[in-house]
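Commentary on secondary and tertiary structure
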Amino acid sequence: MTHELGRLEDLPENYVQDLRDLNVVPLWPSLRGVLPPHIPTRQTQPTHWPYKRLKPLLLKAGELTPIEKAERRVLVLANPGHGLDKMQASSAMYLGMQLLLPGEWAPSHRHTPNAVRMIVEGEGAYTTVDGEKCPMHRGDLILTPTGLWHEHGHDGTDPVIWLDVLDLPLVYYMEASYHVNGEPQKVLTGRGDRQYAHGGVVPTRVFERSQKPYPMLRYAWTDAKAALQALAEDNPALEQVQVTYTNPETGGDAENILGFYALMLRPGQSLRLPARSPAQVFHVIEGEVQAQIVNRQFHMVEADTCCAPGYEAVTLTNLQADKASFIFIADESPLHRKLGVYENRG
Ligand code: GTQ
């Protein structure tokens, strides 16, 4: 049985003021707000950021703001449900589209939030992470986990653009977000993505695992795509043709808070993703896809990005009848699982 709960206005004004003077508030007028029945209140709105409209504005930023005045030349994809100034795609996820022009350098720093970059366009750029110089090609995923030094450079001839995904909103909310500037890194020999290039074949550590908590910092798109194609070919009845970006030493998620995946939609396929508690981000690496999220339908072409609130099913439809489409997904499921609030409602 649910009772109507008392309102703030039901209380004498001087009583409420006495409470306030002591930095105290009554729970019952706000109880249903913080613990709504059956399903959480979500600020995250289904939102679509078309690349075609974003790119000219990003290139304009390249003319308006020199890299020295920006450090990171990024346009933030902000969810209007959270308020644009909050710079949140969802409660825990931040998205930014970053531009680096030929010859530019985004100086070395490290910070507490975890980041990844999904390369959207352009050749010749690299990110140096923890001394590993990682080349950036379209569709590659590059990790810059919490605390690792990273800087971006560009030896090519055309603009390079990538999508940044960070857990900044969560870490900021925790009052744990800060950065430290550093010197240009010395590039070290050896790269984790070369040593862990083939699943199941990992460097032998005679006594223990790699001392590095993040042994692999770059995931080449050519490898992820080949794995998806093999998975689809070998399992004709498999509906959700998807790979997870993992830590090759532990088999766990690549980073601690957000999860990263690549999904292949077969020609013409329509795939319903169940309603799970974490919010999700979808970014089209190759192809053309319709995303049905709550009451919105987004027509997504290559390099488009959208987001979906948690606790909602999402239907993705490949609009290409003769070719597969490929989608990069970021979600909050490692966070939800670790905190014990993960749900799959089907
Ligand atoms: O490239 O290091 O979008 O520090 C936001 C913060 C990118 C980066 C962002 C950052 C970076």
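As the structure is a prediction and not an experimental result, all values here were calculated from the model.

As for the environment of glutamate 9
When you line up the elements, glutamate 9 lands in the segment before α1 (13–21). Residue class for glutamate 9 comes out exposed when judged on its relative accessible area of 60%.

Focus on the environment of proline 184
Position of proline 184 relative to the elements: it lies in the loop between β11 (179–181) and α5 (192–195). For proline 184, a relative accessible area of 52% gives the class exposed. The spacing of proline 184 and proline 107 is 77 residues in sequence and 6.9 Å in space, taken between C-alpha atoms. Sequence-distant contacts of proline 184, defined by excluding residues within four places in its chain, comprise Trp105, Ser108 and Glu151.

Quick notes on the nonpolar core
With 60 residues, the main nonpolar core has Leu141, Val165, Tyr245 and Phe260 as its most contacted residues. Here this core takes five residues from strand β10 (residues 160–166), the largest share from any one element. When residues no more than four places from it in sequence are discounted, the contact partners of valine 165 are Tyr94, Leu95, Asn114, Ala115, Val116, Leu258, Phe260, Phe328 and Ala330.

Things to note about the pattern of salt bridges
Under the counting rule described, the total for this entry stands at 16 salt bridges. Note that glutamate 343 and arginine 345 form a salt bridge whose closest N and O atoms lie 2.7 Å from each other. Overall, glutamate 343 belongs to the partly exposed group, its relative accessible area being 30%. Judged by its relative accessible area of 39%, arginine 345 is partly exposed. The network of salt bridges with common partners includes Arg138, Lys225, Glu286 and Glu302.

Brief notes about helix α3 (residues 51–64)
Here α3 is 14 residues long and its end C-alpha atoms lie 19 Å apart, about the 20 Å a rise of 1.5 Å per residue gives. Among the residues of α3, those classed as buried are Tyr51, Leu54, Leu58, Ala61 and Gly62. Projected onto a plane normal to the axis of α3, the buried residues spread over an arc of 105° and lie on a single side. Residues of α3 that are exposed and point more than 90 degrees away from the buried face comprise Lys52, Arg53, Leu57, Glu63 and Leu64. Residues of α3 that are buried make contact with β1 (47–49), β2 (74–77), β3 (94–100), β5 (115–121) and β10.

Thoughts on the pairing of strand β20 (residues 312–318)
Relative to β20, strand β15 (residues 270–276) runs antiparallel, the two being bridged by five bridges. From the neighbouring strand, leucine 271 faces β20, where its bridge partner is leucine 316. Pairing between strand β17 (residues 289–293) and β20: five bridges, direction antiparallel. If you follow isoleucine 293 over to β20, its bridge partner there is valine 314.

What about the pairing of strand β4 (residues 105–111)?
Here β4 runs beside strand β9 (residues 150–154); their pairing, made up of three bridges, is antiparallel. Bridge pairing in β9 links tryptophan 105 to glycine 153. As paired elements, β4 and β11 share three bridges and run antiparallel to each other. Each residue of the ladder has a partner; that of histidine 111, found in β11, is histidine 179.

A short note on the sheet that holds strand β8 (residues 141–144)
Strand order in the open sheet formed by six strands is β2-β3-β10-β5-β8-β12, and the pairing between neighbours is antiparallel. Lying at the two open borders of the sheet, with one neighbouring strand each, are β2 and β12 (218–219). Relative to β3, β2 runs antiparallel, the two being bridged by four bridges. Within β3, the position partnered with leucine 75 by the bridge is methionine 97. Across the face of the sheet, α3 comes into contact with β2, β3, β5 and β10 while running at roughly 55° to β3.

Here we look at the site of the ligand
Looking at the ligand, the residues that line it are Arg72, Val74, Tyr94, Gln98, His109, His111, Arg117, His150, His152 and Asp164. Within the side chain of arginine 117, an N or O atom sits 3.2 Å from an oxygen atom of the ligand. Here histidine 150 contributes a side-chain N or O atom positioned 2.9 Å from an oxygen atom of the ligand. Protein chains shield 88% of the accessible area of the ligand, which is 290 Å² for the free molecule. Contributing elements (two or more residues each) for the shell around the ligand: β3, β4 and β9.

Quick notes on the rules
- Residues numbered from 1 in each chain as written.
- Predicted model: local features only at pLDDT ≥ 70, side-chain atom pairs only at ≥ 80, totals over all residues.
- Heavy atoms only, no water.
- Helix = DSSP H or I, 4+ residues; strand = E, 2+ residues; numbered from the N terminus.
- Buried < 20%, exposed > 50% of the residue type's maximum accessible area, 1.4 Å probe, protein only.
- Contact = heavy atoms within 4.5 Å.
- Core = buried A, V, L, I, M, F, W, Y, C linked by side-chain atoms within 4.5 Å.
- Salt bridge = Lys/Arg side-chain N within 4 Å of Asp/Glu carboxyl O.
- Expected span 1.5 Å × (residues − 1).
- Arc of directions from axis to C-beta.
- Pairing = 2+ DSSP bridges.
- Axes fitted to C-alpha atoms, helices over the stretch in contact; angles between N-to-C directions.
- Near = heavy atom within 4 Å.
- Polar contact = N/O pair within 3.5 Å; in protein donor to acceptor, adjacent residues only side chain to side chain.
- Areas by Shrake-Rupley, 256 points an atom, 1.4 Å probe, with all protein chains shown as cover.

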